[in-house]
Amino acid sequence: MPFIPIIMPQLGESIAEARIVSFLIPPGGPVEADQDLIEVETDKATMTVASPCKGRVEKFTAQLNESYAVGASLGQIEATQEEVVRLGLDVCIQQKSSETEQLSKSGINSGKSRVQPTIRGLPVPANAAGASYLSPRLKARMDELGLHAADLAGVAGSGAAGRVTVEDFEKYITSLEKHKMSGASTMRVAVADAMRRSWTRPLATVGLPVQLDVVLAHRKASDPKPGPALYALRALAIALSENSAVAGRLVGNKIIHPSSIDVGFAVEAEDGVLVPVIRNADKRSLKDMTQRYNELVDLARQRKLPPDATGGSIATVTNFGTFGLIWATPIPLPEQTLVLGMGAGRRVPFWDEAKGQFVPVMEAYLTLSFDHRVLDGGAAGRLLQRIGELMKQPEQL
Amino acid sequence: MSLITYLDAICEAQAHALRDDPRVFIYGQDVGAFGGAFKATKNLAREFPGRVIDSPISEDAMVGLAVGAAIEGMRPIIEMQFADFSTVGFNQIVNQAASLFWRTNVSCPITVRLPFGGTSGGGPFHSQSLETIYAHYPGLIVLTPATVEDAYSMLIEAVAIDDPVIFCEHKFLYRHLKVEKLPSEALPIGKARIAREGRDLTIVAYSAMVQDALEAAGELATEGWEVEVVDLRSVKPLDTDTVMASVSRTGKLLAVGEAFPWGGVTAEVIARVTSEGFELLDAPPQRLNAKDTPIPYHPNLWAAHRPTVRSIGAAARKILRH
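Before going into details, it helps to say that this report is about the structure given with it. Since the structure is predicted, the reported quantities are computational estimates derived from the model, not experimental observations.

1. Section: helix α9 (residues 377–391) of chain A
Residues and elements named next belong to chain A. Taking 1.5 Å of rise per residue, 15 residues should cover 21 Å, and α9 covers 21 Å from first to last C-alpha, within 8% of that figure. Of the residues making up α9, those classed as buried are Ala380, Leu383, Leu384, Ile387, Leu390 and Met391. Down the axis of α9, the buried side of the element spans an arc of 120°, and every buried residue falls inside it. Away from its buried face, by an angle of more than 90 degrees, α9 presents the exposed residues Gly378 and Glu389. Taken together, the buried residues of α9 touch β9 (203–211), α6 (213–221), α7 (228–242), β17 (338–342) and β19 (357–371).

2. Remarks on unusual backbone geometry
A cis amide bond links Asp223 of chain A with the next residue in sequence, Pro224 of chain A, at an omega value of -5°. Turning to its location among the elements, Pro224 of chain A is positioned in the loop between α6 and α7. The omega torsion of the bond from Lys236 of chain B to Pro237 of chain B falls at 0°, within 30 degrees of zero and hence cis. Looking at the secondary structure, you find Pro237 of chain B in the loop between β12 (234–236) and α9 (240–250). Its identity as a non-glycine residue notwithstanding, Asn280 of chain A has a phi of 45°, on the positive side.

3. Concerning the environment of Arg382 of chain A
All names here are of chain A. In this structure, Arg382 sits in helix α9. According to the C-beta neighbour criterion, Arg382 is partly exposed, with 14 such atoms within 10 Å. For the pair Arg382 and Ala239, spaced 143 residues apart in sequence, the C-alpha to C-alpha distance is 9.9 Å.

4. Notes on the interface of chain B and chain A
Taken residue by residue, the interface counts twelve residues in chain B and eleven residues in chain A. Tallied by class, the residues present in the side of chain B that touches chain A amount to six nonpolar, two polar and four charged.

5. Some words on the nonpolar core
Counting residues in each nonpolar core, the largest one holds 104 residues, and the members touching the most others are Ile203, Ala213, Leu254 and Ala316 of chain B. When residues are assigned to domains, this core turns out to be shared by domain 1 (4–179) and domain 2 (193–320) of chain B, each giving three or more. By size, the runner-up hydrophobic cluster in this structure holds 54 residues, among which are Tyr231, Leu305, Val374 and Leu375 of chain A.

6. Some details on the pairing of strand β6 (residues 55–60) of chain A
Remember that side chains alternate between the two faces of the sheet whenever the strand is regular. Residues and elements named next belong to chain A. Bridging between strand β3 (residues 30–31) and β6 involves two bridges; their strand directions are antiparallel. Considered in β6, the bridge of Val31 is made with Gly55. Note: β6 against strand β8 (residues 73–78), four bridges, orientation antiparallel. Bridge assignment links Lys59 to a residue of β8, and that residue is Gln76.

7. Considerations on the packing of helix α8 (residues 208–222) of chain B against helix α12 (residues 309–320) of chain B
Residues and elements named next belong to chain B. The interhelical angle for the contact between α8 and α12, taken along N-to-C directions, is 55°, at an axis separation of 8 Å. Classed by the angle they form, the pair α8 and α12 counts as oblique. Like other packed secondary-structure pairs, α8 and α12 cross with a definite hand, here right-handed. For the pair α8 and α12, the contacting residues are Asp212, Ala213, Glu215, Ala216, Glu219 and Leu220 in the first and Val309, Ile312, Gly313 and Ala316 in the second. In terms of residue class, the contact of α8 with α12 is built from six nonpolar, one polar and three charged.

8. Focus: the pairing of strand β13 (residues 253–256) of chain B
Residues and elements named next belong to chain B. Side chains of β13 alternate between two faces, with Leu253 and Ala255 and Leu254 and Val256 buried alike. By the bridge criterion, three bridges tie strand β10 (residues 201–205) to β13 in an arrangement that is parallel. Among the inter-strand pairings, Thr202 is bridged to a residue of β13, identified as Leu253. Bridge count between β13 and strand β14 (residues 286–288): three bridges; the pairing is parallel. Within β14, the position partnered with Ala255 by the bridge is Arg287.

9. Looking at the sheet that holds β13 of chain B
All names here are of chain B. Sheet architecture is open: five strands sit in the order β9-β11-β10-β13-β14, paired in mixed fashion. At either margin of the open sheet sits one strand with a lone partner, and together these are β9 (193–196) and β14. Each strand axis lies, on average, 25° off the axis of its neighbour in the sheet, ignoring direction. Across the sheet, helix α10 (residues 264–276) lies against β10, β13 and β14, angled at about 155° from β13, the strand it touches most.

Parameters and conventions
Residues numbered from 1 in each chain as written. Chains lettered and ligands numbered in written order. Predicted model: local features only at pLDDT ≥ 70, side-chain atom pairs only at ≥ 80, totals over all residues. Helix = DSSP H or I, 4+ residues; strand = E, 2+ residues; numbered from the N terminus. Expected span 1.5 Å × (residues − 1). Buried ≥ 20, exposed ≤ 12 C-beta atoms within 10 Å, placed from the backbone. Arc of directions from axis to C-beta. Contact = placed C-beta atoms within 7 Å. Nonpolar A, V, L, I, M, F, W, Y, C, P; charged D, E, K, R; others polar. Core = buried A, V, L, I, M, F, W, Y, C linked by C-beta atoms within 7 Å. Domains from an automatic or database assignment. Pairing = 2+ DSSP bridges. Axes fitted to C-alpha atoms, helices over the stretch in contact; angles between N-to-C directions. Parallel < 35°, antiparallel > 145°, perpendicular 65-115°, else oblique. Left-handed = near helix turned anticlockwise from the far one by under 90°.

And the structure:
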């Protein structure tokens, strides 16, 4: 009877190994295909390894409480020849490989198996599907045409592990020629490049409703009038001055802290977005920066921003409410960890506990998109709550 | 009209050389009245009296004599009974002949004929492929004809070349390849030939492996793959341009050689393509050689030891599916 190895499966994208918690079927016991065999634990969760086929558990070679790499052999199932044929498996290991026995006796292997390639044939990374793995030739061809992997998102690969082959690529390029094409502006290409680079990170967004009545009243009484986004910008700057680590960037195993609280704000210009910067926004009052803010908005719209007013900011504020949107998940600039968004204000009913009735309030959502490698939902939520609190007292901003 | 074999072509080429140039003579064990171990000099001693000469059983002395004669202006052809035995004359070939011109500015126009490659039951001393060892030495030219036409025209050219030439003639091809007539013109030495055109994979081979690669390509064609086969013809000089041009069409490379796998011609082909043509590759280039053990006697073991139509096909499929 042929023996089928029980292989540690790929349990999650970043999981390289898992620890054996318990064996759910005793050696010698019968198993069905896909029946849970072994309970394993990773950094993230407890999971199970299922039987590759119907048969009988011949033995477990894995040890309890030991960790094994993805692809490692954990034991064997004795299966019938028909079952093997049905599964289309052609790897039948002999029951006792004298060499393996020898190795484990001499302690060289000490239970840790080498990672086995999961794809038959020539090696490709396990996550090669689509354009995430590029052969040298494909890469050269894409460079020639100025394309990026993201441009091939719509191409299903026909190569090993679903990779996009040069042939797939050429077919795709030829297929594009049937469509109407127009050139993308320099600004569009620059934004695309920034977004693509930013998207290499795990980004998440949280949201919080805030009441804007006090802000709007304060604004009405001010001269010059600060834009609504400026209140949010100033509140963000104060919150970051209390704890700047959340705006830090993760590089390797280090958090790079910001050296000054320079905050940018998004201004829509023709066919793109510009981000002028207010330097040391934590050290200047709202009143102080209002005129500068208005100037920068004008300069940005004319695309005449001075060099000292662009770049180097540690976070950005974007007022997507100007488009009538109440919610969005903006993407932070690639060199930043945070982007604070502001939705459109709406008059909504608010339950007033004291009055025992609904009252109309002006409400808008604040959103915070963040690099999840640097901070988690809790820290992002606390930062957003703090911004919300600060905006309740605009006279302090 | 009887067909001309690869072996006949070698005999004819030598007759042609003897006829054309009075400086040419053949020297080797039993090449005279006996006509050579494989009959590659059959009747030549009668036709060219005094110019097809039996040597003592000493490869060292044979090559040594040839180098001396070449210095004196002759163009000797040395026949080794088997390529394997040329190692006895190795010192004369690689230390003396190969370096002579570079040391003294005196040319060394000798041609050493090596009947090489495996035949069933040949075993470890009568089957080896030494092109890869000789190609390692600067100063030597190493030719590996895969067809009757090339065996003929390349041997004539080998004798005419002023440098020492190692002429590797495949023993299996001797009687297996036949043509109706010998060619009157040929590609220059150092130029590879596209033996079969295709767009999915390039197989680079030489000598008998070209025939096996062509057969494998034929089988793959029935599966819908179009495989291009490049016949190197000469492993040194190596025609990198033709190989690179082929890989630029196919994006995939398999190099096949009958020699042992450690280093050698197939490794050289892949090294050149990856270092000079990395951006042409859409799959990791692969090579297929004999196994890394001495050559077994038993026909079944021997068949498992050397690359075959089947193993070439399997290696090709692996790359094609990448």
